[in-house]
Amino acid sequence: MRLSLQSFVFLTFSLGFFTTNFAFTLPAKAAIECEAGNMIYYPNGSLLTCILEQNLTVQVSSSLLGTANFPCRGKSYISFDEKGQFHTCELADDIQIKTGNSVETCPAEYRIYVSTSDDGNKSIICRQY
């Protein structure tokens, strides 16, 4: 079977368009996986809290703190502020929190709280329930 140049160009364009369209319409995988039926949202539609399906490492960056990783425990609550910024979770592992020249160990099963001031600075607090 012999294809004309015009038919070949049309076929190539159609397949390319279909492939591009297909690639952009696939659903995105969620950044966090929550257990079904326990998600609570703010009125603006952003996630307030849910129970994590599995352990999750949350990365938070700020100019003062640099980058911090928080290993959040699965099967426990995680919450966010109204702007979608991470707020709190139960730790799955011990972490070190550096404040100035001191280092504090925050043990697994404690809760980590991250708050953001109006000027964008973040503070980290470790508390037992």
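Residues numbered from 1 in each chain as written. Predicted model: local features only at pLDDT ≥ 70, side-chain atom pairs only at ≥ 80, totals over all residues. Heavy atoms only, no water.

**Remarks on the sheet that holds strand β1 (residues 40-41)**
Within the open sheet, the six strands sit side by side as β1-β2-β5-β6-β9-β10. Their pairing is antiparallel. The strands lining the two open edges of the sheet, one partner per strand, are β1 and β10 (122-127). Pairing analysis gives two bridges linking β1 to strand β2 (residues 47-51), with the strands arranged antiparallel. Paired with Tyr-41 across the strands is Leu-47, a residue of β2. (Pairing = 2+ DSSP bridges. Helix = DSSP H or I, 4+ residues; strand = E, 2+ residues; numbered from the N terminus.)

**Here we look at the state of the cysteines**
Enumeration according to the criterion identifies three disulfides in this entry. The residue that forms a disulfide with Cys-34 is Cys-50, at a sulfur-sulfur distance of 2.0 Å. Measuring the twist about the S-S bond at about -55 degrees, one finds the Cys-34-Cys-50 disulfide to be left-handed. Here Cys-34, found in the loop between α1 (5-25) and β1, pairs with Cys-50, found in strand β2; they are 16 residues apart in sequence, far enough to count as distant. Each member of the pair, Cys-34 as well as Cys-50, carries the same accessibility label: buried. Covalently, Cys-72 is tied to Cys-89 through a disulfide, its sulfur atoms 2.1 Å apart. Looking along the S-S bond of the Cys-72-Cys-89 disulfide, the torsion reads about -75 degrees, which is the left-handed sense. On the criterion of sequence distance, the pair formed by Cys-72 in strand β4 (residues 66-72) and Cys-89 in strand β6 (residues 86-90) is long-range, its members being 17 residues apart. In this pair, the class of Cys-72 matches that of Cys-89, namely buried. For the protein, the bonded cysteines connect in the pattern 1-2, 3-4, 5-6 when numbered consecutively along the sequence. (Disulfide = S-S within 2.5 Å. Buried < 20%, exposed > 50% of the residue type's maximum accessible area, 1.4 Å probe, protein only.)

**Focus: the packing of aromatic side chains**
Think of a pair of aromatic rings as described by two things: how far the centres are apart, and how the planes are tilted against each other in angle. Under the definition given, this model contains two aromatic pairs. Centre to centre, the rings of Phe-70 and Phe-86 are 5.9 Å apart; their planes meet at 20 degrees, and the pair counts as stacked. Of the two residues, Phe-70 is situated in strand β4 and Phe-86 in strand β6; the sequence distance between them amounts to 16 residues. Like Phe-86, Phe-70 is buried. Ring centres 6.4 Å apart and planes at 75 degrees place the aromatic pair Phe-80 and Phe-86 in the edge-to-face group. The ring of Tyr-113 carries the charged tip of Arg-127 above its face, separated from the ring centre by 5.4 Å. (Phe/Tyr/Trp six-rings, centres within 6.5 Å; stacked < 30°, edge-to-face > 60°. Lys NZ or Arg CZ within 6 Å of the ring centre and 35° of its normal.)

None of this, on its own, says anything about what the molecule does.
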